[in-house]
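Architecture at a glance
So you can see what is in the structure, the chains are spelled out below.
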Amino acid sequence: MASLTLIVFAGWCMVSMESSQCLIHLIKKADGSTFAANEIHLRQGDMDGACGPYALAMALIVNEFIVRDDVYCLDLHGNNKFLRLLNHLQERRGKHLFKSGTTVKHLVSAINEHYGAHVEGEYLSGDSLNGRSFRDFVVEHVTHEDGVHPVILGIEYSTVEHSGHWVLVVGCEYDEQGVVDRFLVLDPGYEGPRGKQTWNATIDARGSGSVLPYRMEVPIGETRVAFIDALAMWRY
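Bear in mind the structure is a predicted one, so any value in this text is a computation, not a measurement.

Brief notes about helix α1 (residues 51-62)
- For α1, spanning 12 residues, the distance from its first C-alpha to its last is 16 Å, which sits close to the expected 16 Å at 1.5 Å a residue.
- Within α1, 12 of the 12 residues are buried, leaving the element largely enclosed by the surrounding structure.
- Residues of α1 that are buried include every one of Cys51, Gly52, Pro53, Tyr54, Ala55, Leu56, Ala57, Met58, Ala59, Leu60, Ile61 and Val62, and no others.
- At the exit of α1 stands Glu64, carrying a positive phi of roughly 65°.

In structure tokens, the structure reads:
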């Protein structure tokens with residue numbers, strides 16, 4: 001990927017978690033202010049699309065290229081950069097239903113074509129790991145010294161059915177020893193965050209030796225997932 005790297009500043013805060021206090025590293029706006037609870041999240045159906053375009057749109061919101069109203073009030077007959085990106089991702093120009101799945105290379109191509117002059121980043125896919133693990137890739141970017149780099153993460157619920165999904169990692173939680181314990185995630189497949197938190201799902205960052213090593217908690221319960229693709233992007 002020739003270009004793709006975004007600067008988003010992160011903040012540290014103490015969050016009460018019932019009986020203990022956990023250290024949270026969470027994405028913030030470039031001016032240091034925090035995102036409102038539902039300022040980022042998009043649920044599938046908001047722009048009649050699939051999880052890949054939704055995760056990408058949320059990453060663009062995080063990096064302050066667009067706001068949620070740009071999605072809700074999208075003029076399908078206009079000629080703005082975000083609409084051109086959607087057209088790039090869509091096989092049939094002008095129809096934004098995204099019935100087929102989106103690959104990480106589709107996302108990279110669309111970003112480079114329409115936001116490449118303002119963005120940096122990198123991606124990791126199953127056929128180009130080069131000795132790196134997806135878990136370490138995500139940790140590297142959500143704990144980056146310049147601030148949290150949002151990570152569009154491809155996950156798989158079943159290695160048999162190949163049920164892929166895209167989410168956006170917006171931060172992490174540390175244990176008492178300062179080790180990354182959970183990834184804080186926005187999942188477009190569920191309702192938005194509740195209360196003041198800006199994530200609606202979490203993924204266990206430690207993993208196990210199974211084929212679906214990571215436990216994921218979503219609003220309706222929990223499941224196990226594997227990481228299959230990852231794309232970090234940040235503004236410069």
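Considering the packing of aromatic side chains
- All chains considered together, the criterion is met by three aromatic pairs.
- Arranged with centres 6.4 Å apart and planes meeting at 50°, the rings of Phe183 and Phe227 form a pair that is tilted. Here the residue Phe183 occupies a position in strand β6 (residues 180-186), and Phe227 occupies one in strand β9 (residues 221-235), the gap between them amounting to 44 residues.
- On the basis of relative accessible area, Phe183 is assigned to the buried category, the value being 0%.
- Residue classification places Phe227 among the buried residues on the basis of a relative accessible area of 8%.
- Relative to Phe227, the ring of Tyr214 has its centre 4.1 Å away and its plane inclined at 5°; by these criteria the two rings are stacked.

A look at the pattern of salt bridges
- For the coordinates displayed, the defined rule picks out 11 salt bridges.
- With its nearest N and O atoms 3.9 Å apart, the salt bridge here joins Arg182 to Glu217. With Arg182 in strand β6 and Glu217 in strand β8 (residues 214-218), the pair connects residues that are 35 residues apart, well separated along the chain.
- The shortest N-O distance in the salt bridge between Glu222 and Arg215 comes to 3.5 Å.
- Sharing partners across several salt bridges, the network here consists of Glu173, Arg182, Arg215, Glu217 and Glu222.

Procedures and definitions
Residues numbered from 1 in each chain as written. Predicted model: local features only at pLDDT ≥ 70, side-chain atom pairs only at ≥ 80, totals over all residues. Heavy atoms only, no water. Helix = DSSP H or I, 4+ residues; strand = E, 2+ residues; numbered from the N terminus. Expected span 1.5 Å × (residues − 1). Buried < 20%, exposed > 50% of the residue type's maximum accessible area, 1.4 Å probe, protein only. Phe/Tyr/Trp six-rings, centres within 6.5 Å; stacked < 30°, edge-to-face > 60°. Salt bridge = Lys/Arg side-chain N within 4 Å of Asp/Glu carboxyl O.

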